[in-house]
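One letter stands for each residue in the lines below.
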Amino acid sequence: MLSAMATCNSHGQDSSYFLGWEEYEKNPYHPINNPNGIIQMGLAENQLPFDLLESWLNNNPNASGFTAQSNFGFKEIALFQDYHGLPAFKKALVDFMSEIRENKVTFNPNNLVLTAGATSANETLMFCLADPGDAFLLPTPYYPGFDRDLKWRTGAEIVPIHCSSSNGFRITESALEDAYQQAQKQNLKVKGVLVTNPSNPLGTSLSMHELELLVNFISSKNLHLISDEIYSGTVFTSPGFVSIMEVLKNKNLMNTDVAKQVHIVYSLSKDLGLPGFRIGAIYSNDDIVVSAATKMSSFGLISSQTQYLLSQILSDKKFTKNYLTENRKRLKQRHEMLEKALQKAGIRCLKGNAGLFSWVDMKRLLSAQTFKGEMELWKKIVYEVGLNISPGSSCHCSEPGWFRVCFANMSKETLVLAMQRLTSFVDSTVKKTNQSRHNRNSRKPKSLPKWVFSLSSFTTARSVKNGA
Amino acid sequence: MAIEIVQPSVGLSKIAVSETHGENSPYFAGWKAYDENPYHEKHNPSGVIQMGLAENQVSFDLLEEYLESNQEATSWGKNVSGFRENALFQDYHGLLAFRKAMASFMEQVRGGKAKFNPERIVLTAGATAANELLTFILANPGDALLVPTPYYPGFDRDLRWRTGVQIVPIHCESSNNFQITPEALESAYDHARSMNMKVRGVLITNPSNPLGATIQRKVLEQILDFVTRKNIHLVSDEIYSGSVFHSDEFVSIAEILESRNYKDSERCHIVYSLSKDLGLPGFRVGTVYSYNDQVVTTARRMSSFTLISSQTQFLLASMLSNKEFTEKYIKINRERLRKRYEMIVDGLKKAGIECLKGNAGLFCWMNLSPYLNEATREGELEIWKKMMEEVKLNISPGSSCRCSGAGWFRVCFANMSEETLEVALRRLHEFMDRRRNGQKTHDLSALAQVQSFSLGDICRLFGERSKDLKSDLISSLSDSR
């Protein structure tokens, strides 16, 4: 009775990424009401600089209302549904994007398309660039939501570019070529590459070398490049953030065909911590893409009420300057806190310089160096330790044992507690491992619910499909 | 001069380069004419008056009054204490308070004749998104949805563009006031089947855009029986439900389902929005209400691509849960729209123009077929161009709504002040006068030549207008000599 799209699994909600959330929802940690509950460390939210926004709002009490002081009153805003977007907001947004990039690049508001969040922006770009059955190459590990956002309604395919811990998960030329070949083998027409820069879940920004590799690759193979830069404002330490636009500019490619093949996705959900307001954008140098995407944005426009409020916040240059500085500072502190605590517990993480999370290496805690082992460990951490962290397999990581751990969506105290729990767990696990090695008296593993194994086979099956 | 060969951009999708977004239709050309020369009472009194935009501007004062006395709705409480939670809220279930308020508002709009469960409400950024989303869920690419004509031109884009689904029209004729008949339903179904298309559902707009009329209970029952027999879906787009001039004249599909104890209701889905009833198109507030659990679940997941800003949900939760405000608003809004409707219909009548008998909406369905040079689409577009260029009114031609008969036009009346509406009516009046004079002059001189009537006889035939006609007649007679 329903369409094939409605009855398939491409919405991706059976992934462990979302299931962990469900477990958290059933038993959420609260310092007073539920101190033994699960601490949410699987949600990449930025709660650190809210006080800055709150104080701006308190200092500008008329901004969120509709007064006659501005050019716009309530009626004008309520009626404004032009898919070209509120000009004042677009101007303020491109200026903000420029500011994040230290003004090394500037953006033309006419090339910006507003969408209800980056989720909508990514899907819209896919509709514009790929026909059903076409493929985009994505470096692994990648944000689990992409499986839904890029593939579900568009019918497009994702082919992974395998990155490994041996070189810090950096994109290599051979990995790019391999992915391309793999797609050919599967009879998939490759339309482009999509990278997240800074990366989710790695928490690192792409190096100049990687960016140049990408530009050369798409140029030689005549492909599109989507650069999802929604974490660009969260780069808290060196090396700084290099936008793909900067690379094009430096290589004098701005007025060439290649520039038209590069498209940026942005959002205020991470940098400004406003995921509820659904503020996303596509930036493209290709007029046809801008035109098609603009029309498509009818299906996901940003509320004019929200555009109006944000145009005022982002036009306050004093505020944005201070905000970006403070945001970076606080993220850096939190990141260091987490890193140190993990180190003390004997756990390494990838050296990160951005994002709201760390990419953590828990291989030594695995009972077996397999994805099944990773799932077992994950279940233990969720149920026994009470931390919802995201297993690497849900991000399509090629190697088992890596986890994404968020640190910006909770108070300092909660993070401290989380680290204490983790440390105790690691200590006891290491002790047990040592004991069992000595005693050779391996205990029967606790029986896990059926769905854990169905998850493993789900993950494995998908890996096989993607040619891992 | 060398011919420049324009290289196509690196492979864009077929969807991106297709014309199914529909923006090259004459419907949009009228908007352009308006954009380039918009009417303004003081600054541009001879500009084009926009009568092609179905916006509701008659009740803004009520909304502004509400906002004035309820500032926390836009400021998140004292010291913006509610801001953080609201800004973080991106749950695709939507704000519970808002869903409850929406359900209750939808009940109020239907005079309490139907109940709505907040758990079945899925929020989307506008009805545009809701209609597309439902199409993705109910039909596969290449399948067909049956839609009665005339229909909202935007459906061609909303239902077909990215979904790959087809629209097969259910032809409705002026001879029975464009009502949907069982024969028309069957005929459309058969036509789709003859083209090898799988029919997935019927989509109706009730009250109808562009007709400005509600669908009668009897017809709704027939449509429901039809979709049940064929085992297909029924989508009822009820975004104009709050604009019915007399509350007892609107029957929602929800009422029919309730009266049937919800038997077979899993095939039914309602689309609603606040863009028309509340006049808030910019806020992007739409909803899918489905009686089918699987559709609700899937629609909810899909709504990730088109969530309503939590800031806006917060404001509207406050506004719509204020029963005193909503009752007052619904009542007054209705009355004002009715008055506007009466004003325009009377004005058109005085100009010699008839309209379909309407009882809802922000527009009337005007019949200019008696005045076409030829009863074809070309004849219709000819008069439409005159309307734009001579009369300077942007109205929507029936052909853009896929109307079977030529000469019908949708004329909006709620997106302007009363004064502007009067100006528009006056212009139309004068146009019709000129036309009548022009035509009669032409006829008379031919008549006079053939029949050898005396000038005096002819003038007497036209009574009080004889003085003007006399001078025209004399000049035209002297020309033809």
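Residues numbered from 1 in each chain as written. Chains lettered and ligands numbered in written order. Predicted model: local features only at pLDDT ≥ 70, side-chain atom pairs only at ≥ 80, totals over all residues. Heavy atoms only, no water.

### With respect to the side chain of B:Thr298
Inclusion rule: Going along the chain from the N terminus, every DSSP run of H or I of four or more residues is numbered as a helix, and every run of E of two or more is numbered as a strand. The cut-offs for exposure are 20% and 50% of the maximum accessible area for each residue type, with area from a 1.4 Å probe on protein chains only; residues under the lower value are buried, those over the upper are exposed, and the others partly exposed. Contact between two residues is taken to exist if any of their heavy atoms lie within 4.5 Å; hydrogens are not considered.
Here B:Thr298 shows up in helix H12 (residues 293-302). What makes B:Thr298 buried here is its relative accessible area of 4%. Among all residues touching B:Thr298, those that are not within four sequence positions of it are A:Ala6, A:Trp152 and B:Ile137.

### Focus on the interface of chain B and chain A
Note the threshold: Throughout, buried area stands for the accessible area (probe radius 1.4 Å) lost by two parts on being put together, summed over both. For this analysis, a salt bridge means a side-chain nitrogen from Lys or Arg found within 4 Å of a carboxyl oxygen belonging to Asp or Glu. Pairs of N or O atoms within 3.5 Å make up the polar contacts considered here, provided that, within protein, one atom can donate a hydrogen while the other can accept it, and that residues adjacent in sequence are counted only when both atoms are side-chain atoms.
Across the boundary between the two partners, chain B contributes 68 residues, which contact 69 residues of chain A. Summed over both partners, the interface of chain B with chain A buries about 6,300 Å², with 61% contributed by carbon and sulfur atoms. Our count for the contact surface shared by chain B and chain A stands at two salt bridges. Salt-bridge contacts for A:Glu54 lead to B:Arg84; the nearest nitrogen and oxygen are separated by 3.2 Å. In this structure, the connection of chain B to chain A is made through 21 residue pairs in polar contact (both at pLDDT 80 or more). Only helix H1 (14-17), helix H3 (60-69), helix H4 (72-75), helix H5 (83-88), helix H7 (127-138), helix H8 (155-158), H12 and helix H13 (310-320) of chain B provide two or more residues apiece to the side of chain B that touches chain A.

### Some words on helix H14 (residues 323-350) of chain B
So the rule is basically this: For a helix, the expected span equals 1.5 Å multiplied by the residue count minus one.
Taking 1.5 Å of rise per residue, 28 residues should cover 40 Å, and H14(B) covers 41 Å from first to last C-alpha, within 8% of that figure. In the stretch just after H14(B), B:Gly352 is the one whose phi turns positive, near 90°.

### Some words on the packing of aromatic side chains
Our working definition: Note on aromatic contacts: the rings of Phe and Tyr and the six-membered ring of Trp form a pair at centre separations within 6.5 Å, being stacked when their planes are under 30 degrees apart, edge-to-face when over 60 apart, and tilted otherwise.
Applying the stated criterion across every chain, the model contains 31 aromatic pairs over all chains. When the ring of B:Tyr66 is compared with that of B:Phe325, the centres are 4.9 Å apart and the planes differ by 45°; the resulting orientation is tilted. Residue B:Tyr66 is found in helix H3, and its partner B:Phe325 is found in helix H14; the two are separated by 259 residues along the sequence. The burial state of B:Tyr66 is the same as that of B:Phe325; both residues are buried. Arranged with centres 5.0 Å apart and planes meeting at 90°, the rings of B:Phe178 and B:Trp408 form a pair that is edge-to-face. One end of the pair, B:Phe178, is in the loop between strand S4 (166-170) and helix H9 (182-194); the other, B:Trp408, is in strand S13 (residues 408-412), and 230 residues separate them in sequence. An aromatic cluster is present here, built from A:Phe50, A:Phe277, B:Trp76 and B:Phe83 joined pairwise through their rings.

### Quick look at the sheet that holds strand S7 (residues 268-273) of chain B
All names here are of chain B. Selection rule: Pairing between strands is defined by DSSP: at least two bridges between the two strands are required. Note on definitions: angles span 0 to 180 degrees between N-to-C directions of axes, and those axes are lines fitted to C-alpha atoms, for helices only across the stretch in contact.
Pairing in this open sheet of seven strands is mixed, and the strands run S2-S8-S7-S6-S5-S3-S4 from one edge to the other. Only two strands of the sheet have a single partner each, and these edge strands are strand S2 (121-124) and S4. Within this sheet the neighbouring strands show an average axis-to-axis angle of 25°, counted without direction. Strand direction decides the pairing type here: strand S3 (residues 144-148) and strand S5 (residues 199-205), joined by three bridges, are parallel. Bridge pairing in S5 links Ala-144 to Val-199.

### What about a negative patch on the surface?
The cut-off we apply is this: Every patch collects residues that have over 30% relative accessible area and no salt bridge, joining them within 9 Å if they carry like charges and within 5 Å if they are nonpolar side chains (Val, Leu, Ile, Met, Phe, Trp, Tyr). Only the protein chains shown count as covering a residue, and every accessible area follows the Shrake-Rupley method with a 1.4 Å probe. Within this scheme the basic residues Lys and Arg register as positive and the acidic residues Asp and Glu register as negative, but His and the chain ends are omitted. The location of each charge is read from NZ of Lys, CZ of Arg, CG of Asp or CD of Glu.
A cluster of like negative charges, contributed by B:Glu41, B:Glu418, B:Glu419 and B:Glu422, occupies part of the molecular surface. With respect to the secondary-structure elements, B:Glu418 resides in helix H16 (residues 418-451).

### Thoughts on the environment of A:Leu52
Take A:Leu52: it is sitting in helix H3 (residues 50-59). Those residues in contact with A:Leu52 that sit more than four places away from it in its chain are A:Phe319, A:Asn322, A:Tyr323, A:Glu326 and A:Arg330.

### A word on the packing of helix H5 (residues 87-100) of chain A against helix H13 (residues 304-315) of chain A
Residue and element names in this part refer to chain A. Keep this limit in mind: We call two directions roughly parallel when the angle between them is under 35 degrees, roughly antiparallel when it is over 145, roughly perpendicular when it lies between 65 and 115, and oblique otherwise. Crossing handedness is read from the near helix: turned anticlockwise from the far helix by less than a right angle, it gives a left-handed crossing, and turned clockwise, a right-handed one. Following the grouping adopted for this structure description, the nonpolar residues are Ala, Val, Leu, Ile, Met, Phe, Trp, Tyr, Cys and Pro, the charged ones are Asp, Glu, Lys and Arg, and the polar ones are all others, Gly among them.
It is the contact of H5 with H13, at a shortest axis distance of 8 Å, that shows an interaxial angle of 45°. Judged by the angle between their axes, H5 and H13 are oblique. For the pair H5 and H13, the sense of crossing is left-handed. Judged by residue contacts, Ala-88, Phe-89, Ala-92, Leu-93 and Phe-96 of H5 engage Gln-307, Leu-310, Ser-311, Leu-314 and Ser-315 from H13. Broken down by class, the residue content of the contact of H5 with H13 amounts to seven nonpolar, three polar and no charged.

### Brief notes about the environment of A:Thr433
Within the secondary structure layout, A:Thr433 lies in helix H16 (residues 412-439). Each C-alpha atom of the pair A:Thr433 and A:Thr106 lies 55 Å from the other, and the pair is 327 residues apart in sequence.

### Re the pairing of S7(B)
Side chains on a regular strand alternate between the two faces of the sheet. Residue and element names in this part refer to chain B. For S7, a buried count of six out of six residues is recorded, marking the element as mostly surrounded by other parts of the structure. Neither face of S7 is left uncovered, since the one carrying Cys-268, Ile-270 and Tyr-272 and the one carrying His-269, Val-271 and Ser-273 both have all their residues buried. In terms of strand pairing, strand S6 (residues 233-237) meets S7 through four bridges, oriented parallel. Bridged to Leu-234 within S7 is Cys-268. Sheet topology note: the S7/strand S8 (residues 286-290) ladder contains five bridges and is antiparallel. By the bridge assignment for S8, Ile-270 is matched with Tyr-289.

By themselves, these observations are geometric and do not establish any function.
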